[in-house]
Amino acid sequence: MMTWQAHDLLWLDRSSLIAKDETQGLPYWVTEGNGPVVVRREKMATPKLIAVGVRGANKRQRYAAYASVAAVQSRVTPYDIAKGQAWMEHPDRFTMPMLQALASVAPVLDGNNLPWGITGSLGYELATGDRQIHADSDLDLVIQSPEPLTKPCARDIWQNFGELPCRLDIQIETPMGAIALLEWAGQSQTVLLKSETGPFLVADPWREEVSL
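Now for a look at the structure at hand. This structure is a prediction, so every number in the text was calculated from the model and none was measured.

## Details of the pattern of salt bridges
So, point 1. With the rule as written, the count across this model stands at 7 salt bridges.
So, point 2. A salt bridge links Glu-42 to Lys-20, with the nearest nitrogen and oxygen atoms 3.7 Å apart. On the criterion of sequence distance, the pair formed by Glu-42 in the loop between strand E3 (37-39) and strand E4 (49-55) and Lys-20 in the loop between strand E2 (18-19) and helix H1 (28-32) is long-range, its members being 22 residues apart.
So, point 3. For Asp-92, the salt bridge identified is with Arg-131, shortest N-O distance 2.7 Å. With Asp-92 in the loop between helix H2 (78-84) and helix H3 (97-111) and Arg-131 in the loop between helix H4 (120-128) and strand E8 (139-144), this residue pair connects regions lying 39 residues apart in the sequence.
So, point 4. Sharing partners across several salt bridges, the network here consists of Lys-20, Arg-40 and Glu-42.

## Some points on the layout of surface pockets
So, point 1. Of the volumes computed, that of the largest pocket is approximately 890 Å³.
So, point 2. Elements with a contribution of two residues or more to the lining of the largest pocket: E3, E4, H4, E8 and strand E9 (168-174).
So, point 3. Counting residues per element, the lining of the largest pocket draws most heavily on H4, which supplies 4 residues.
So, point 4. Here the residues of the lining of the largest pocket are counted per class, giving 11 nonpolar, 12 polar and 11 charged.
So, point 5. Estimates place the volume of the second largest pocket at around 710 Å³.
So, point 6. Taken together, 34 residues line the second largest pocket, and the ones lying closest to its centre are Trp-4, Arg-41, Glu-42, Lys-43 and Glu-196.
So, point 7. Of all the secondary structure elements, the ones that give two or more residues to the lining of the second largest pocket are E4, E9, strand E11 (191-195) and strand E12 (198-202).
So, point 8. Ranked by residue count, the leading element in the lining of the second largest pocket is E4, at 3 residues.
So, point 9. Within the lining of the second largest pocket, the residues separate by chemical class into 16 nonpolar, 9 polar and 9 charged.

## A word on the environment of Leu-122
So, point 1. Tracing the chain through its elements places Leu-122 in helix H4.
So, point 2. When the C-alpha positions of Leu-122 and Gln-132 are compared, they lie 6.7 Å apart, and in sequence the two are 10 residues distant.
So, point 3. If near-sequence neighbours (up to four positions away) are discounted, Leu-122 is found in contact with Met-98, Leu-99, Leu-102, Ile-133 and Leu-139.

## What to know about the nonpolar core
So, point 1. If you look at the biggest cluster of nonpolar residues, it comprises 40 residues, and the most contacted ones within it are Trp-116, Ile-118 and Leu-141.
So, point 2. In terms of residues, this core owes the most to one element, H3, which gives 8 residues.
So, point 3. Each residue touching Leu-141, except ones within four places of it in the same chain, is listed here: Leu-102, Val-105, Leu-109, Trp-116, Gly-117, Ile-118, Thr-119, Leu-168, Asp-169, Ile-170 and Gln-171.
So, point 4. Ranked by size, the runner-up nonpolar core spans 15 residues in total, among them Leu-17, Trp-29, Val-54 and Ala-65.

## A look at the packing of H3 against helix H5 (residues 151-161)
So, point 1. Running from amino to carboxyl end, H3 crosses H5 at an angle of 150°, the nearest separation of the two axes being 9 Å. In terms of orientation, H3 lies roughly antiparallel with respect to H5. As H3 runs across H5, the sense of the crossing is right-handed. Listed contacts from H5 to Val-105, Val-108 and Leu-109 of H3 are Ile-157, Asn-160 and Phe-161.

## Points about the pairing of E12
So, point 1. In the sheet, E11 pairs with E12 via 5 bridges, with the strands oriented antiparallel. Within E12, the position partnered with Leu-193 by the bridge is Phe-200.
So, point 2. Here E11 folds back onto E12, and the loop between the two strands holds 2 residues.

## Thoughts on the sheet that holds strand E1 (residues 9-12)
So, point 1. Read from one edge to the other, the open sheet built from 6 strands follows the order E2-E5-E4-E3-E1-E6, with strand pairing classed as antiparallel. At either margin of the open sheet sits one strand with a lone partner, and together these are E2 and strand E6 (72-76).
So, point 2. Pairing of E2 with strand E5 (residues 62-68) involves 2 bridges; the strand directions are antiparallel. Considered in E5, the bridge of Ala-19 is made with Ala-65.
So, point 3. Lying on the sheet, H4 is in contact with E1 and E4; it crosses E1 at an angle near 45°.

What counts, and where the lines are drawn
- Residues numbered from 1 in each chain as written.
- Predicted model: local features only at pLDDT ≥ 70, side-chain atom pairs only at ≥ 80, totals over all residues.
- Heavy atoms only, no water.
- Salt bridge = Lys/Arg side-chain N within 4 Å of Asp/Glu carboxyl O.
- Helix = DSSP H or I, 4+ residues; strand = E, 2+ residues; numbered from the N terminus.
- 1 Å grid on protein atoms, 1.4 Å probe; cavity = no way out; pocket = protein on both sides within 12 Å on 5 of 7 lines; lining within 4 Å.
- Points joined across faces, edges and corners; volume = space filled by probe spheres on them.
- Nonpolar A, V, L, I, M, F, W, Y, C, P; charged D, E, K, R; others polar.
- Contact = heavy atoms within 4.5 Å.
- Core = buried A, V, L, I, M, F, W, Y, C linked by side-chain atoms within 4.5 Å.
- Buried < 20%, exposed > 50% of the residue type's maximum accessible area, 1.4 Å probe, protein only.
- Axes fitted to C-alpha atoms, helices over the stretch in contact; angles between N-to-C directions.
- Parallel < 35°, antiparallel > 145°, perpendicular 65-115°, else oblique.
- Left-handed = near helix turned anticlockwise from the far one by under 90°.
- Pairing = 2+ DSSP bridges.

Listed below in structure tokens is the structure:
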């Protein structure tokens, strides 16, 4: 059985989506669009539904919905997108700040043998070919870390990125949820864990029982 993770892109017939607010119908731009939807982090009451988000033509058009597992036609993960290395052939790779930043960040992550993926607007653009990024776009990445990543290692990784031309947001995916690499690399004794049941402050994001 296929498992879904936050940030996965799913292609399906959008008319099959279920509105999160059952009292309202789906907006026209949701059903008329044909791009993929992105998996959201939400605990579902039934394994037959997936929490998803829909991107529209601009940032004001973002919609939370549910998708039937049976309606999914195909899936691309952030890790698939990174492995494809399509950003290396992007026409703006030498001028777009986020692509310049990725050229510096990717070798650091690869050098640490970390499974990583591309999310956000760049991930969507690379997966679909639809123009999404602009000069002020953030670079959003994710690291898969089923085993603990030590704080000293996180600090070394972040410091090795050096000065970047855009804002960098890297989320570490643990078995319990996601934390920000920058926060984990800091000095705080607790970090914010984004889980399927909500955000929690935790001391160890790889062990659920220490949630505070």
